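Results of the structural survey
Spelled out from the first residue to the last, the chains are:
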Protein chains: 2
Amino acid sequence: MSEVDLIPEAEDDAAEQGSQLDRDDRLKPEFVRNVLDAVEAGDDEAARALVEPLHPADIADLFELTPNEMRAALAKAITDLLDGDVFAEMNDYVREDLIDALEPHEVADIASELDTDDAVAIIEDMEPEDQREVLRALDPDDRAAIEEALSYPEESAGRLMQRELIAVPEHWTVGDAIDYLRGHEELTTDFWEIFVVDPAHKPVGTCQLSWILRTPRTVSIADVMKREQTLIPVDMDQEEVALRFQKYALISAAVTDTGGRLVGMITVDDIVHIISEEAGEDTLRLAGAGDGDINEPIGLTVRTRLVWLVVNLGTAMLAASVVGMFEGTIAKFALLSALMGIVSGMGGNAGTQTLAVVVRALATNQLTSSNTVRMIGREFRIAATNGIVLGTLIGLGTILIYGNPTLSLVFGAAILTNNLVAGLAGVLVPITLERSGVDPAVSSAVFVTMMTDCMGFFSFLGLATLAGLGG
Amino acid sequence: MSEVDLIPEAEDDAAEQGSQLDRDDRLKPEFVRNVLDAVEAGDDEAARALVEPLHPADIADLFELTPNEMRAALAKAITDLLDGDVFAEMNDYVREDLIDALEPHEVADIASELDTDDAVAIIEDMEPEDQREVLRALDPDDRAAIEEALSYPEESAGRLMQRELIAVPEHWTVGDAIDYLRGHEELTTDFWEIFVVDPAHKPVGTCQLSWILRTPRTVSIADVMKREQTLIPVDMDQEEVALRFQKYALISAAVTDTGGRLVGMITVDDIVHIISEEAGEDTLRLAGAGDGDINEPIGLTVRTRLVWLVVNLGTAMLAASVVGMFEGTIAKFALLSALMGIVSGMGGNAGTQTLAVVVRALATNQLTSSNTVRMIGREFRIAATNGIVLGTLIGLGTILIYGNPTLSLVFGAAILTNNLVAGLAGVLVPITLERSGVDPAVSSAVFVTMMTDCMGFFSFLGLATLAGLGG
């Protein structure tokens, strides 16, 4: 019996899934290759047969894993598997690519299958003219819903919400609500809570479906619902919406217009992507990598990153000019030039640590004006401790290696100074930017490393010059 | 009529909420101060009255915004408002602090109110002896459930899942299920889907509550449920669970043991925190800030950061030794020492950009072995383009400022070389670490900046020496 036989025999479905996905739910490379080989060979039938058992989210992944130039051919081969759910799950850039390759009436067919929020996601990035054509091809109800959604700002609750929801009046019983749901085929089936509204269509309560199912038919909805509810204003930014869902552990929430009337519903599955994106974005922004999507057109990526690198070139020249001030000292004692980078580099690292913590705490609403002073004190103590430990370590190492007590003192003192600069800049820069309404993740790193570079060179070379190390 | 009067009069509840929360759902600093002033003045009644209208998530926030040394006093003042929901929403470190201050039987009272997953979160970090005492104080059913959960590895599905769920046999009708839910008071009310199981208690399908509500009583559950389901193995890591919820837009999912039997349920509201944490963690890890929680005890924070800084000290010394190789050249032409930092710094920034994108793409399963080669090619093209643009810019600038064509060529060529090194290292290092089973967010940055520092110095000073710039 070979070792492979020890693996218990899987059921049909599992075996089939096993041939496509690896342990981490990613499509296996050989599966992707097989599909693309079939497409390249013109064997659409074989490609279709391979892709058919996949979940829409996996078909979307397949397109992301396919090289740009082959995506249109793949779409052609498996066109009847390409439903709205696949597009809804697809990366924005990949979707835009594919949508560009489709006729407006084909896009309209896909959009009409979807909830408003997913349809909007597909249509919002199209050229205005194509957008108008798609809208014309939609039936009037869908068109009105999408046009209204498009009238709200990008990344707002109004774009995210779906208009398909269940709202019932307060005076109904549980039985009335169940009969209504059973009797109206046209209602959505995609809901987790029902909203209770007053005659002016303002929400007065929310009712989990499980509460309805566990309650006798004769009980009034008003007695089952929860009156304390979290409402989302239609113009709220999606980042705030995501934080609110997270904080109050919401599954769905009512969206209200400026008059307080119920106009839509947001469900957590649409928010999950946003939570993940917003949390991950800080990683990319702090590094100056923009949105950093690997499917972004390469020209856009180059421009985004280049802007940041040019800004950094400016700050690096500023730091170099600080070094330039001490050219005379360096010419006489070239060892300084080898060591000065350690001071600025260590400061930069310490500053980046603090910065990452502060940016994250700001993004999650953990750091507010109530605890800012405490946070500054906390980071100062950390910076002082780390600075003293590192400064001592480096000072001792310098004596051992170079046997120069003056150099050792200067080096250690510069490290300590720059650690304190790093700690304070790491807290104060992002907090100041946030208070000024600027996203602290975008430009904090430039300022912090500028300060640690300049102060690193200045403290080390300056102290060295004062101590007469240049001779 | 003053401008303030133009704001429409809010309802009682809204006005009350308005006095505590700012626009971003954060507790207002003056509200926090008022509560703490009342606690300090010993006026527990006033503190209680202020805190009472808050949502449990906001009470949890209040504790996080309270300085460590006042948390116990606040807990004492509002003790009857401190229910399980508040503890479930609280930051891990703050919760541990408070739990330490409570008697085991008080902890048991709180734990017994909660679903298994929340109770486990409270108990898992206690000292073994206290844990045993709390478990003894629980009633046998709760104790068994928690002990079983604790037997699964930390951060696994077994710890996250709740055992309270609804499972029904396949042969039931919709009416049977509704009658069962109405007739059994002891069942959980916290569910969004019901699971359908075979006689061996293996899941065969999942049924959204909305589908049940929209279907006549006589229809069989087997005809309403979805057979294609996403099952979570009990030992799956929480990061994988989160990615699976995200990918397939799940609201809840069945957890199965190694025998395939249904043992628990995970709901999306418990996963939302994990999605946000896991996505944000990369920001902190890339910066070498560990978990970077602002509530972490300061000693732990210092140690985490110091380890990273000491590692960086090692790589900085390596880079300094590269500079040391060229001491003679620098002594003769000290300007080089001012400029060499620009080359290494620009390379470091370009490397960090690539690194952030690659780490993020790995974390979201966007970068797999199917598209690794494409990704390397993509980053190489970006690095080459950025390197040529920056190299040219810097070369021209150098001629203008210093009028030295040799220096200009050397500088530009070094910038281009180091950009290519940065682009390749930024992709290859995290991918190699991931393939070796190491979290690429944790140690990639050390390696990448080590390479860009060393290669930056080596290419610039080496080329300068070859070109005879040292004289």
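Values in this document were obtained by computation on a predicted structure and should not be read as measured data.

1. As for the overall build of chain A
The number of helices and strands found in chain A is 23 helices and six strands. Counting over 471 residues, chain A shows a buried share of 54%. Nonlocal contacts in chain A, meaning residues at least 24 apart in sequence, comprise 65% of its contacts between residues at least 6 apart. Surface summary for chain A: the accessible area is close to 19,800 Å², and the carbon and sulfur share equals 54%. Each charge class in chain A was averaged separately, 31 positive and 79 negative side chains, and the resulting centres sit 9 Å apart.

2. What about the interface of chain B and chain A?
Chain B puts 127 residues into the contact, and the matching count from chain A is 127 residues. Both sides of the chain B and chain A interface together cover about 11,100 Å² of buried area, and 62% of this is carbon and sulfur. Contact with chain A buries surface across chain B, with Leu213, Arg214 and Ile294 of chain B losing the most and accounting together for 8% of the total. Taken together, the links from chain B to chain A amount to 10 salt bridges. Between Glu434 of chain A and Arg26 of chain B there is a salt bridge, with the nearest N and O atoms lying 3.7 Å from each other.

3. Topic: the packing of helix H20 (residues 335-363) of chain A against helix H22 (residues 405-435) of chain A
All names here are of chain A. Closest axis-to-axis distance for the H20/H22 pair is 8 Å, and the angle between their directions is 30 degrees. Here H20 lies roughly parallel to H22, going by the angle between them. Crossing of H20 against H22: the hand is right-handed.

4. Side note on the sheet that holds strand S4 (residues 232-233) of chain A
Pairing is mixed across the open sheet formed by three strands, whose spatial order is S4-S5-S6 (chain A). The sheet terminates laterally at S4 and strand S6 (262-267) of chain A, the two strands that pair on one side only.

5. A word on the packing of H22 of chain A against helix H23 (residues 440-466) of chain A
Packed helix pairs are characterised by how far apart their axes lie and by the angle those axes make with each other. Residue and element names in this part refer to chain A. Packing of H22 against H23 leaves a shortest axis separation of 8 Å and a crossing angle of 160 degrees. Taken together, the axes of H22 and H23 lie roughly antiparallel to each other. The two elements H22 and H23 meet at a crossing, and its hand is right-handed. A per-class count over the contact of H22 with H23 returns 19 nonpolar, eight polar and one charged.

6. Description of a nonpolar patch on the surface
The grouping of Met317 of chain A together with Leu400, Ile401 and Tyr402 of chain B at the surface amounts to a nonpolar patch, some 460 Å² of accessible area in total. Of the residues forming the nonpolar patch, the biggest block, three residues, is contributed by helix H21 (residues 372-402) of chain B. Here Leu400 of chain B is to be found in helix H21. Exposure remark for Leu400 of chain B: the relative accessible area of 74% places this residue in the exposed category.

7. Overview of the domain arrangement of chain A
Examined at the domain level, chain A breaks down into domain 1 (3-156), domain 2 (167-286) and domain 3 (298-466). For domain 1 of chain A and domain 3 of chain A, the distance between their C-alpha centroids amounts to 46 Å.

8. Notes on the UniProt feature "transmembrane region" (unreviewed entry) in chain A
All names here are of chain A. This chain's UniProt record puts "transmembrane region" (unreviewed entry) on residues 306-326, 338-362, 383-403, 409-433 and 445-469. Helix and strand shares over residues 306-326 are 90% and 0% respectively, and the end C-alpha atoms of the span are 30 Å apart. Its end C-alpha atoms 37 Å apart, residues 338-362 is made of 100% helix and 0% strand.

9. Re the sheet that holds strand S3 (residues 203-208) of chain A
Residue and element names in this part refer to chain A. The strand order S1-S2-S3 describes an open sheet built from three strands, whose pairing is mixed. Edge positions in the open sheet fall to strand S1 (167-169) and S3, since each of these has one partner strand only. In this sheet, adjacent strand axes meet at a mean angle of 35 degrees when their direction is disregarded.

10. Thoughts on the UniProt feature "domain: CBS" (unreviewed entry) in chain A
As annotated in UniProt, the feature "domain: CBS" (unreviewed entry) corresponds to residues 225-283 of chain A in the numbering used here. Here residues 225-283 of chain A is 44% helix and 22% strand, with 41 Å between the C-alpha atoms at its ends.

11. Some words on the side chain of Glu193 of chain B
Considering the arrangement of structural elements, one finds Glu193 of chain B in strand S2 (residues 193-197). Here Ser252 of chain B takes part through its side chain, which lies 2.6 Å from a polar atom of the side chain of Glu193 of chain B. In this view, Glu193 of chain B contacts Trp192 of chain A together with Thr206, Cys207, Gln208, Leu209 and Ser252 of chain B; residues no more than four positions away in its chain are not counted.

12. Structural notes on the environment of Thr385 of chain B
Residues and elements named next belong to chain B. Position of Thr385 among the secondary structure elements: in helix H21. Put simply, Thr385 and Asn419 are 34 residues apart on the chain and 9.3 Å apart in space, counted from C-alpha to C-alpha. Within the structure, the side chain of Thr385 is placed 2.7 Å from the backbone oxygen of Arg381, a separation counted as a polar contact.

13. With respect to the pattern of salt bridges
All chains considered together, the criterion is met by 33 salt bridges over all chains. The closest approach of N and O atoms between Arg217 of chain A and Asp179 of chain A, which form a salt bridge, is 2.7 Å. Note that Arg217 of chain A is positioned in the loop between helix H14 (209-213) and helix H15 (221-224) and Asp179 of chain A in helix H13 (residues 174-183), a separation of 38 residues in sequence. Among the charged side chains, a salt-bridge network with shared partners connects Glu434 of chain A together with Asp22, Asp24 and Arg26 of chain B.

14. With respect to the pairing of strand S5 (residues 252-256) of chain B
A regular strand places its side chains on the two faces of the sheet in alternate fashion. Residue and element names in this part refer to chain B. Most of S5 sits inside the fold, with five of its five residues counted as buried. Because side chains alternate across S5, one face comprises the buried residues Ser252, Ala254 and Thr256, and the other comprises Ala253 and Val255, equally buried. In terms of strand pairing, strand S4 (residues 232-233) meets S5 through two bridges, oriented parallel. Counterpart to Ile232 in the pairing with S5 is Val255. Relative to strand S6 (residues 262-267), S5 runs antiparallel, the two being bridged by five bridges.

15. With respect to the side chain of Ser156 of chain B
Take Ser156 of chain B: it is sitting in the loop between helix H11 (140-150) and helix H12 (157-160). Not counting residues up to four positions away in its chain, the partners in contact with Ser156 of chain B are Val234, Asp235, Met236, Asp237 and Gln238 of chain B.

16. Looking at unusual backbone geometry
Unusually for a residue other than glycine, His201 of chain A sits at a positive phi of about 65 degrees. Along the polypeptide, His201 of chain A turns up in the loop between strand S2 (193-197) and S3. Positive phi outside glycine occurs at Glu155 of chain B, with the angle close to 60 degrees. Positionally, Glu155 of chain B belongs in the loop between H11 and H12.

17. Overview of the relation of the copies chain B and chain A
Overlaying chain B on chain A yields an RMSD of 0.1 Å, the required transformation being a rotation through 180 degrees with an accompanying axial translation of 0.0 Å. The superposition operator between the copies reduces to a two-fold rotation axis.

18. Here's the deal with the pairing of S3 of chain A
All names here are of chain A. Where burial is concerned, most of S3 is hidden: five out of the six residues are buried. Here S2 runs beside S3; their pairing, made up of five bridges, is antiparallel. Paired with Val196 across the two strands is Gly205, which belongs to S3. Where S2 folds back onto S3 in an antiparallel hairpin, the turn is made up of five residues, including His201, whose phi is positive at roughly 65 degrees.

19. A closer look at the state of the cysteines
By definition, a disulfide links the sulfur atoms of two cysteine residues through a covalent bond. Inspection of every chain in the model, using the stated rule, returns zero disulfides over all chains. The thiol of Cys207 of chain A is unpaired, and the distance to the nearest cysteine sulfur, on Cys207 of chain B, comes to 18 Å.

20. Quick look at the nonpolar core
Among the nonpolar cores identified, the biggest contains 137 residues, and Phe63 and Ile266 of chain A together with Phe63 and Ile266 of chain B are the most heavily contacted of them. Ala334 and Ala422 of chain A together with Leu309 and Ala350 of chain B belong to the second-largest nonpolar core, a separate cluster that totals 68 residues.

What counts, and where the lines are drawn
- Residues numbered from 1 in each chain as written.
- Chains lettered and ligands numbered in written order.
- Predicted model: local features only at pLDDT ≥ 70, side-chain atom pairs only at ≥ 80, totals over all residues.
- Heavy atoms only, no water.
- Helix = DSSP H or I, 4+ residues; strand = E, 2+ residues; numbered from the N terminus.
- Buried < 20%, exposed > 50% of the residue type's maximum accessible area, 1.4 Å probe, protein only.
- Contact = heavy atoms within 4.5 Å.
- Areas by Shrake-Rupley, 256 points an atom, 1.4 Å probe, with all protein chains shown as cover.
- Lys, Arg positive; Asp, Glu negative; His and termini not counted.
- Charge placed at Lys NZ, Arg CZ, Asp CG, Glu CD.
- Buried area = accessible area lost by both parts, 1.4 Å probe.
- Salt bridge = Lys/Arg side-chain N within 4 Å of Asp/Glu carboxyl O.
- Axes fitted to C-alpha atoms, helices over the stretch in contact; angles between N-to-C directions.
- Parallel < 35°, antiparallel > 145°, perpendicular 65-115°, else oblique.
- Left-handed = near helix turned anticlockwise from the far one by under 90°.
- Pairing = 2+ DSSP bridges.
- Nonpolar A, V, L, I, M, F, W, Y, C, P; charged D, E, K, R; others polar.
- Patch = residues over 30% accessible without salt bridge, like charges linked within 9 Å, V, L, I, M, F, W, Y side chains within 5 Å.
- Domains from an automatic or database assignment.
- UniProt positions renumbered as here; feature names shortened; annotations may be inferred.
- Polar contact = N/O pair within 3.5 Å; in protein donor to acceptor, adjacent residues only side chain to side chain.
- Least-squares fit on C-alpha atoms with pLDDT ≥ 70 in both.
- Disulfide = S-S within 2.5 Å.
- Core = buried A, V, L, I, M, F, W, Y, C linked by side-chain atoms within 4.5 Å.

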